[in-house]
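Single-letter residue listing:
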Amino acid sequence: QVQLVQSGAEMKKPGASVKVSCKASGNTVTDYYFHWVRQAPGQGLEWLGRIDRRTGRTDYGKIFQGRVTMTRDSSISTAYMELTRLTSDDTAVYYCARGSGKGAYPLFYGLDVWGQGTTVIVSS
Amino acid sequence: QSVLTQPPSASGTPGQRVTISCSGSRYNIESNTVHWYQQIPGTAPKLLIYSSNQRPSGVPDRFSGSKSGTSASLAISGLQSEDEADYFCAAWDDSLNGVIFGGGTKLTVL
C-alpha cells in the first residue's frame, strides 16, 4: 500500500516561490503519476498538474503554466512542486496524489492515494 | 469557475437515499471516466468511486456511481451521520488536457 508524505507548512511573502515535496513509501513498483491539487480556504479542489514518476513527463494546468514546475527524484521516490510569483490567491492546502491510467483513459483509477496536505500561506 | 457542475448542497435523513449530480461536456464526462471524492473538513479527499461506477476496496456498497452521456451521479443509500461531508466529482478533460473538478456538494444529514 503506497503512502504519500508531504513536507511541512510554509509561509511566504508575495512574489516569492514555494517548493513542496511528496515522498512515496510502500509498494512503489507500479507506474503512476504524481498529481498536485490545491484547495483554497473554504473553496473546492483545483488541479495544478501531474508528473510521470518513471519518465518525468509533465502536464500542467493551463492557468498555472509558466508558474509551476514539477520534478521528481526516482531514487528516493519523491516528487516536487514549485510555484513561483506567489500572491495571496495562492494561499491554500496543496495535496499530492497518485493517479494512473488504463488504455485510452489518462485517469482510469482516479486519484486513489493522497498526501496529508501542505498548507502554504502567502502574506506580507 | 468549475467546468463540472454540482449542486452546492444536498441533505437527507438517516436511512434515506440521496443522489448528487455532476454535469459536464463531451470533452470530459462523456469521453472519460468519472471519479467521486469524499472530504471531511480538515482532511484530505478520499476516493469513493473510480471509473464512473467502481468502488475501491473498503468503500461501503451504500455508495454507487453512474454515468450517462455528459452527466454522472453519486448515490448514497442508507444515509448515516458519518456521511456528512463534502463530495466532489472529477474527470479528465481532453480539451484542457488535465483533471477538472466539480465545485463540490456539501451533504448534511438531518
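Reading guide: rules and limits
Residues numbered from 1 in each chain as written. Chains lettered and ligands numbered in written order. Predicted model: local features only at pLDDT ≥ 70, side-chain atom pairs only at ≥ 80, totals over all residues. Heavy atoms only, no water. Helix = DSSP H or I, 4+ residues; strand = E, 2+ residues; numbered from the N terminus. Rg over C-alpha atoms; globule rule 2.2 N^0.38 Å. Buried < 20%, exposed > 50% of the residue type's maximum accessible area, 1.4 Å probe, protein only. Contact = heavy atoms within 4.5 Å. Areas by Shrake-Rupley, 256 points an atom, 1.4 Å probe, with all protein chains shown as cover. Buried area = accessible area lost by both parts, 1.4 Å probe. Salt bridge = Lys/Arg side-chain N within 4 Å of Asp/Glu carboxyl O. Polar contact = N/O pair within 3.5 Å; in protein donor to acceptor, adjacent residues only side chain to side chain. Nonpolar A, V, L, I, M, F, W, Y, C, P; charged D, E, K, R; others polar. Pairing = 2+ DSSP bridges. Axes fitted to C-alpha atoms, helices over the stretch in contact; angles between N-to-C directions.

Asks: How would you explain the overall build of chain B if you had to name every residue and give the values?
Replies: When its secondary structure is counted, chain B shows zero helices and nine strands. Order of helices (α) and strands (β) in chain B, N terminus to C terminus: β-β-β-β-β-β-β-β-β. In terms of C-alpha radius of gyration, chain B reaches 13 Å, essentially the compact-globule figure of 13 Å for 110 residues. Taking all 110 residues of chain B together, 48% fall into the buried category. Within chain B, contacts between residues at least 6 apart in sequence are counted, and of these 57% link residues at least 24 apart. Total accessible area on chain B stands at roughly 4800 Å², and carbon and sulfur atoms take up 46% of it.

Asks: Account for the environment of Gly103 of chain A, with residues named and values stated.
Replies: Considering the arrangement of structural elements, one finds Gly103 of chain A in the loop between strand 9 (92–99) and strand 10 (111–114). For the pair formed by Gly103 of chain A and Asp52 of chain A, sequence separation is 51 residues and the distance between their alpha carbons is 16 Å.

Asks: If you had to explain the interface of chain A and chain B to someone new, which residues and values would you point to?
Replies: Residue-level contacts link 21 residues of chain A with 21 residues of chain B. Carbon and sulfur atoms make up 68% of the surface buried where chain A meets chain B, a total of about 1800 Å² over both sides. The tally of links between chain A and chain B comes to zero salt bridges. If you look at where chain A meets chain B, you find seven residue pairs in polar contact (both at pLDDT 80 or more). Where the side of chain A that touches chain B is concerned, the elements lending two or more residues are strand 4 (33–39), strand 5 (45–52) and strand 10 of chain A. At four residues, strand 5 of chain A tops the list of elements feeding residues into the side of chain A that touches chain B. Across the side of chain A that touches chain B, the residue classes tally to eleven nonpolar, five polar and five charged.

Asks: Can you lay out the sheet that holds strand 8 (residues 78–83) of chain A for me, pointing to particular residues and giving the numbers?
Replies: All names here are of chain A. Taken together, the four strands give an open sheet; going across it, the order is 1-3-8-7, and neighbouring strands pair in antiparallel fashion. Looking at the sheet topology across the chains shown, the edges are occupied by strand 1 (3–6) and strand 7 (68–73). Sheet twist, expressed as the average angle between the axes of neighbouring strands with direction ignored, equals 20 degrees. Sheet topology note: the strand 3 (residues 18–25)/strand 8 ladder contains six bridges and is antiparallel. For Val20, the partnering residue across the bridge sits in strand 8 and is Met81.

Asks: Provide a residue-level description of the sheet that holds strand 2 (residues 18–23) of chain B, including the pertinent values.
Replies: Residue and element names in this part refer to chain B. Strand order in the open sheet formed by three strands is 2-6-5, and the pairing between neighbours is antiparallel. At either end of the open sheet lies a strand with only one pairing partner, and these are strand 2 and strand 5 (63–68). The average undirected angle you get between the axes of adjacent strands in this sheet is 20 degrees. In terms of strand pairing, strand 5 meets strand 6 (residues 71–76) through six bridges, oriented antiparallel. By the bridge assignment for strand 6, Ser66 is matched with Ser73.

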